[in-house]
Amino acid sequence: MRRMRKQTVCLILFLGSVVSLCGCKKVAFRHDMRNVEERDYATVLILHENEEDENYQMVLGIAKEKIVGEKSMVEDVSRWEEADLLALQKDYENVKGKNLSLAHLKVILCNCVPSHATIEMLEKENDVAKTCPVLIVEQEEEFQNYMKESKEPVGNYLERLIRIQEKKGKKLTWLLDYSKQMHEDDDLQIMVLKKRKEGYEIE
């Protein structure tokens, strides 16, 4: 009888722990889904440095959710004037009502070779991958117009250009490379996004 009681108690405790764990998973799942709904994901970030102004002109390309039946959707493009990425995220949430995630950036574009202060700012943001390509963009305003008028997501287009570079065996310049150059004075190859008759090319 004692053995049966012990087994019964153990069984009850075991079932209770399973139920509680399942409940936790459900809560966590609902929490994750809520986070997705309350978050916007940037695919493209353009940084414009201006020696006469401490703030950056920042342009974001935000991934849109596909609607059933649509082949593709362009990004939402918005322009901001901010001191750093933290200020950008705070203002974005205040204006748009959603958290801004930089974890899915496909590329960072700069109007000039980024300063040490810019690299340090990017390093501080944990969401920004150290292997995110950093390119100099020519004719920045024209590229912004291209983003707004494009019939396909520009983030995906740039990602294809990056893969073409990799297939050619050409090394891309990542945020990590700029960090090494800043801290260790390594040589750095500057990669430029250039306009062509049709589309763009990385050189």
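Residues numbered from 1 in each chain as written. Predicted model: local features only at pLDDT ≥ 70, side-chain atom pairs only at ≥ 80, totals over all residues. Heavy atoms only, no water.

### Focus on the overall build of the chain
Now for step 1: For the chain, the helix and strand inventory stands at 6 helices and 8 strands.
Now for step 2: Traced from its N-terminal end to its C-terminal end, the chain shows the element sequence α-β-β-β-α-β-β-α-β-α-α-α-β-β.
Now for step 3: Classification of the 203 residues of the chain by burial places 34% in the buried group.
Now for step 4: Long-range contacts, defined here as pairs at least 24 residues apart, represent 65% of the contacts in the chain between residues at least 6 apart. (Helix = DSSP H or I, 4+ residues; strand = E, 2+ residues; numbered from the N terminus. Buried < 20%, exposed > 50% of the residue type's maximum accessible area, 1.4 Å probe, protein only. Contact = heavy atoms within 4.5 Å.)

### Things to note about the confidence of the model for the chain
Now for step 1: Across the chain, the average pLDDT comes to 82, with 78% of residues at 70 or higher.
Now for step 2: The element-level mean pLDDT for the chain is lowest in helix H1 (residues 2-37), coming to 43, with strand S5 (residues 107-110) highest at 98.
Now for step 3: A low-confidence stretch, residues 1-34 stays under pLDDT 50, and its non-local contacts, those more than four residues away or across chains, total 0 contacts. (pLDDT = per-residue confidence, 0-100.)

### Some points on the packing of helix H4 (residues 140-149) against helix H5 (residues 154-167)
Now for step 1: Two numbers describe how H4 lies on H5: the axes approach to 9 Å, and their chain directions differ by 115 degrees. Each of Phe143, Tyr146 and Met147 in H4 lies in contact with H5, whose residues at this interface are Val154, Tyr157 and Leu158.
Now for step 2: Partitioning the contact of H4 with H5 into residue classes produces 6 nonpolar, no polar and no charged. (Axes fitted to C-alpha atoms, helices over the stretch in contact; angles between N-to-C directions. Nonpolar A, V, L, I, M, F, W, Y, C, P; charged D, E, K, R; others polar.)

### Side note on a negative patch on the surface
Now for step 1: Judged by side-chain charge, Glu51, Glu52, Asp53, Glu54 and Glu81 come together as a negatively charged surface patch.
Now for step 2: With respect to the helices and strands, Glu81 occurs in strand S3 (residues 76-82).
Now for step 3: Taking the relative accessible area as the measure of exposure, Glu81 reaches 42% and is therefore partly exposed. (Patch = residues over 30% accessible without salt bridge, like charges linked within 9 Å, V, L, I, M, F, W, Y side chains within 5 Å. Areas by Shrake-Rupley, 256 points an atom, 1.4 Å probe, with all protein chains shown as cover. Salt bridge = Lys/Arg side-chain N within 4 Å of Asp/Glu carboxyl O. Lys, Arg positive; Asp, Glu negative; His and termini not counted. Charge placed at Lys NZ, Arg CZ, Asp CG, Glu CD.)

### Thoughts on helix H3 (residues 116-124)
Now for step 1: What H3 keeps buried is the set Thr118, Ile119, Met121 and Leu122. Projected down its long axis, H3 carries its buried residues within an arc of 160 degrees, all on one side.
Now for step 2: Where H3 is buried, its residues meet strand S1 (39-50), strand S2 (53-62), helix H2 (85-96), S5 and helix H6 (175-184). (Arc of directions from axis to C-beta.)

### Some points on the pattern of salt bridges
Now for step 1: Across all of its chains, the model carries 11 salt bridges by this definition.
Now for step 2: Between Lys64 and Asp76 there is a salt bridge, with its nearest N and O atoms 3.6 Å apart. Taken together, the residues Lys64 in the loop between S2 and S3 and Asp76 in strand S3 connect sequence positions 12 residues apart.
Now for step 3: Under the relative-accessibility criterion, Lys64 is labelled partly exposed at 35%.
Now for step 4: A residue is classified by how much of its surface remains accessible, and Asp76, at 40% relative accessible area, is partly exposed.
Now for step 5: In this structure, Arg79 engages Glu141 in a salt bridge whose closest nitrogen and oxygen atoms are separated by 3.4 Å. Pair noted here: Arg79 is in strand S3 and Glu141 is in helix H4, with a separation of 62 residues, a long-range link.
Now for step 6: With relative accessibility at 43%, the residue Glu141 sits in the partly exposed group.
Now for step 7: Linked by salt bridges that have partners in common, Lys194, Arg196, Glu201 and Glu203 make up one network.

### Let's talk about the layout of surface pockets
Now for step 1: Its volume calculated, the largest pocket comes out at about 250 Å³.
Now for step 2: For the largest pocket, the lining is made up of 14 residues, of which Arg39, Asp40, Ile62, Ala63 and Lys64 are closest to its centre.
Now for step 3: Of all the secondary structure elements, the ones that give two or more residues to the lining of the largest pocket are S1, S3 and H2.
Now for step 4: Its volume calculated, the second largest pocket comes out at about 160 Å³.
Now for step 5: Along its surface, the second largest pocket is lined by Asp84, Leu85, Leu86, Ala117, Glu120, Met121, Lys124 and Glu125.
Now for step 6: Elements that contribute at least two residues to the lining of the second largest pocket include exactly H2 and H3.
Now for step 7: Ranked by residues supplied to the lining of the second largest pocket, first place goes to H3 with 4 residues.
Now for step 8: Residues that form the lining of the second largest pocket fall into these classes: 4 nonpolar, no polar and 4 charged. (1 Å grid on protein atoms, 1.4 Å probe; cavity = no way out; pocket = protein on both sides within 12 Å on 5 of 7 lines; lining within 4 Å. Points joined across faces, edges and corners; volume = space filled by probe spheres on them.)

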